[in-house]
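# Structural overview for review
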Amino acid sequence: MVFVISLIIIMFFVLWGLFAPEHLGAVTGQALSFATNKFGWFYLIAAFIILVYTLYLAFSKYANIRLGDEDDEPEYSNVSWFAMLFSAGMGIGLVFWGVAEPISHYMVPPEGDPMTVEAARTALRYSFFHWGLHPWGIYTLVALGLAYFMFRKGYKGLISWTFYPLLGDRVNGPIGKAIDVLAVIATAFGVATSLGLGAMQVNGGLSHVFGLPNSVLMQIIIIIVLSILVSISAISGLDKGMKLLSNTNLIIAAGLLIITLLLGPTFFIFDTFTTTLGAYFQNIIQMSLRLTPFTEDSWVANWTLFYWAWWITWAPFVGSFIARVSKGRTIKELVLGTLLLPSGFSFIWFATFGSTALHLDMFQGMPIVEAVKTDLTSALFITLESLPAGTLLAVLAIMLVVTFFITSADSATFVLGMMSTDGNQNPGKAVKLAWAMFTALIAVVLLMSGGLNSLQSASIMTALPFTFVLLGMVVSLNRALKAEDRERRQLEKLKRKQLEQLLRASQS
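Residues numbered from 1 in each chain as written. Predicted model: local features only at pLDDT ≥ 70, side-chain atom pairs only at ≥ 80, totals over all residues. Heavy atoms only, no water.

This next bit is on the overall build of the chain. For the chain, the count of helices and strands is 17 helices and zero strands. Rg of the C-alpha trace for the chain: 23 Å, near the compact-globule value of 23 Å for 508 residues, within the 12% margin. Seen through its principal axes, the chain has C-alpha atoms that stretch 90 × 50 × 50 Å. Across the 508 residues that make up the chain, the buried fraction comes to 61%. Long-range contacts, defined as pairs at least 24 residues apart, comprise 84% of the intrachain contacts of the chain with a sequence gap of at least 6. (Helix = DSSP H or I, 4+ residues; strand = E, 2+ residues; numbered from the N terminus. Rg over C-alpha atoms; globule rule 2.2 N^0.38 Å. Buried < 20%, exposed > 50% of the residue type's maximum accessible area, 1.4 Å probe, protein only. Contact = heavy atoms within 4.5 Å.)

Here it is, written out as structure tokens:
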């Protein structure tokens, strides 16, 4: 039922985009305005609550609860585990926005005058904020909820079953099915947004390095070609295809990062990383709850709310995938590993590429700002080509986007297949291929109906209802953990009582 209903809704959207792309673009734009104007506060508060709750769990009395049986061990090594959750979590976006976002904030800062030293500081701080603890807090909540109920309680690996403490057997009824349909649709649109960004970035790189045309038609061709590779990877299975590609991703990303760090303004990068990290933690609460009701500025809606909505739409997908590869770890291991490792990598990434771009523009007269104004997708490649062996670095960046595209889509087809087949841990190849095709089609129609603006609109529009699901998950998981702790204390009390009886019997 979940598969059929989700497919019908997505098919309707795809046909709408194919036959009336301009109308689709206009409607998604109106939905975007409604969501940001009326519910911007809700996105910010929800994300902040989720982050605080996940951090609390890591240091609470529940921290050492194992996600599985007490004698279960993690299936994957720490390196492979980190590589898979990182590749699934935000790979394409890092490459797309690594230069474009800090320069965009430098041109149009959230506060203060543009193109100043303070604007540069603020640009990097908000880049850290958008890609740091908050998105991974959202992912961690879903991953923890699914892993706990799936491996600890033996429930189905579905979002709806994380609500069992609240709904009971009604998770098998219309309410549970509605939750799962919401999760599938949010996942499909969130992944399609990333695939669209990935196609734009690959097209920008091919255009800059090899002179190929930069157009929607070319981006559609890229999506088709890469979707074929995704299908091949999906058929090969999680352990073979995804593990291999994830490790490859991490190697290429780390190589590009280290080379850029060494060839770029190395000590400037270290300085900006240090000062930005301090400013990030000093201002995290203020940034978490920042809106502009008195000036009616659209900056928060265009950036922070878009990101929070994008992370929320990715949450069922990334959370399900992280849960699937985290069996045997404790709550503390999952929370701290998922929160800190990818966030730290993101900080280093933006400090390296963002600082390099800002240094080139501010101190060396390179036209990085003009590149971002002209074409967001070209900014990274212009930055790389200003360094020694720049063309080689640009080609490496294109390869990285391609592998990130494949791993994101591959893991998404696995999760969508699992969620739409009643929690099947090994969905059939036909189901995974169907989802590979439909996520690609959504990305195509979004690009046809308005490019980046439509991608952003779709994310924010589909995230709103699922935000309520995430907050419900906090309540449900907390209730389940309290119940387990109560049962544990009762069992310990019973054991003590039995031991005392044995001691008295032996003495008598």
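Here we come to the side chain of Ser 420. By the secondary structure assignment, Ser 420 is in the loop between helix H15 (390–419) and helix H16 (429–448). Within the structure, Ser 420 has its side chain in polar contact with the backbone oxygen of Gly 417 (distance 3.4 Å). Only 3.0 Å separates the side chain of Ser 420 from the side chain of Trp 435, close enough to count as a polar contact. The residues touching Ser 420, leaving out its near neighbours within four places in the chain, are Val 2, Phe 3, Val 431 and Trp 435. (Polar contact = N/O pair within 3.5 Å; in protein donor to acceptor, adjacent residues only side chain to side chain.)

This part is about the nonpolar core. Core analysis: the biggest nonpolar cluster contains 176 residues, and Trp 97, Ile 159 and Trp 349 have the highest contact counts within it. The dominant element in this core, judged by the number of residues it contributes, is helix H11 (residues 299–324), at 19 residues. (Core = buried A, V, L, I, M, F, W, Y, C linked by side-chain atoms within 4.5 Å.)

Here the focus is a nonpolar patch on the surface. Where nonpolar side chains cluster on the molecular surface, the patch consists of Trp 41, Ile 45, Ile 49, Ile 285, Leu 289 and Leu 291 and spans about 540 Å² of accessible area. Here the element with the most residues in the nonpolar patch is helix H2 (residues 21–58); it accounts for three residues. For Trp 41, the location among the structural elements is in helix H2. Trp 41 sits in the partly exposed class, given a relative accessible area of 45%. (Patch = residues over 30% accessible without salt bridge, like charges linked within 9 Å, V, L, I, M, F, W, Y side chains within 5 Å. Areas by Shrake-Rupley, 256 points an atom, 1.4 Å probe, with all protein chains shown as cover. Salt bridge = Lys/Arg side-chain N within 4 Å of Asp/Glu carboxyl O.)

Once that is clear, we can look at unusual backbone geometry. We note that Met 115 has phi near 55°; this positive angle belongs to a residue other than glycine. Looking at the secondary structure, you find Met 115 in the loop between helix H3 (78–107) and helix H4 (117–131). Residues other than glycine seldom take positive phi values, yet Ala 389 does so here, at roughly 60°. Counting through the fold element by element, Ala 389 comes out in the loop between helix H14 (379–385) and H15.

It is at 9 Å that the axes of helix H5 (residues 133–152) and helix H12 (residues 331–363) come closest, and there the two elements cross at 150°. Accordingly, the angle class assigned to the pair H5 and H12 is roughly antiparallel. In this structure, the crossing between H5 and H12 has a hand that is right-handed. Residues Leu 133, Trp 136, Gly 137, Thr 140, Ala 143 and Leu 144 of H5 pack against Ile 331, Leu 334, Val 335, Thr 338, Leu 339, Leu 340, Pro 342 and Ser 343 of H12. Class assignment for the residues of the contact of H5 with H12 results in ten nonpolar, four polar and no charged. (Axes fitted to C-alpha atoms, helices over the stretch in contact; angles between N-to-C directions. Parallel < 35°, antiparallel > 145°, perpendicular 65-115°, else oblique. Left-handed = near helix turned anticlockwise from the far one by under 90°. Nonpolar A, V, L, I, M, F, W, Y, C, P; charged D, E, K, R; others polar.)

Okay, the side chain of Thr 338 next. Along the polypeptide, Thr 338 turns up in helix H12. At 2.7 Å, the side chain of Thr 338 and the backbone oxygen of Leu 334 are in polar contact. Non-local contacts of Thr 338, meaning those with residues more than four positions away in its chain, are made with Trp 81, Leu 85, Trp 136, Thr 140, Ile 322 and Glu 333.

Applying the stated criterion across every chain yields a total of ten salt bridges. Between Asp 485 and Arg 488 there is a salt bridge whose closest N-O contact spans 2.5 Å. Residue Asp 485 and its partner Arg 488 are both found in helix H17 (residues 452–507); the two are separated by three residues, about one turn of the helix. By relative accessible area, Arg 488 is classed as partly exposed at 39%. Among the charged side chains, a network of salt bridges with common partners joins Lys 61, Asp 485, Arg 488, Arg 489 and Glu 492.

Another aspect to go through is H4. For an α-helix the count is 3.6 residues per turn, leaving residues at separations of three or four pointing the same way. Look at H4: 22 Å from first C-alpha to last across 15 residues, which is about the 21 Å you get at 1.5 Å a residue. Within H4, twelve of the 15 residues are buried, which leaves it mostly tucked inside the rest of the structure. Every buried residue of H4 is accounted for by Ala 119, Ala 120, Thr 122, Ala 123, Leu 124, Arg 125, Tyr 126, Ser 127, Phe 128, Phe 129, His 130 and Trp 131. (Expected span 1.5 Å × (residues − 1).)

Taken by themselves, the reported measurements are silent on function.
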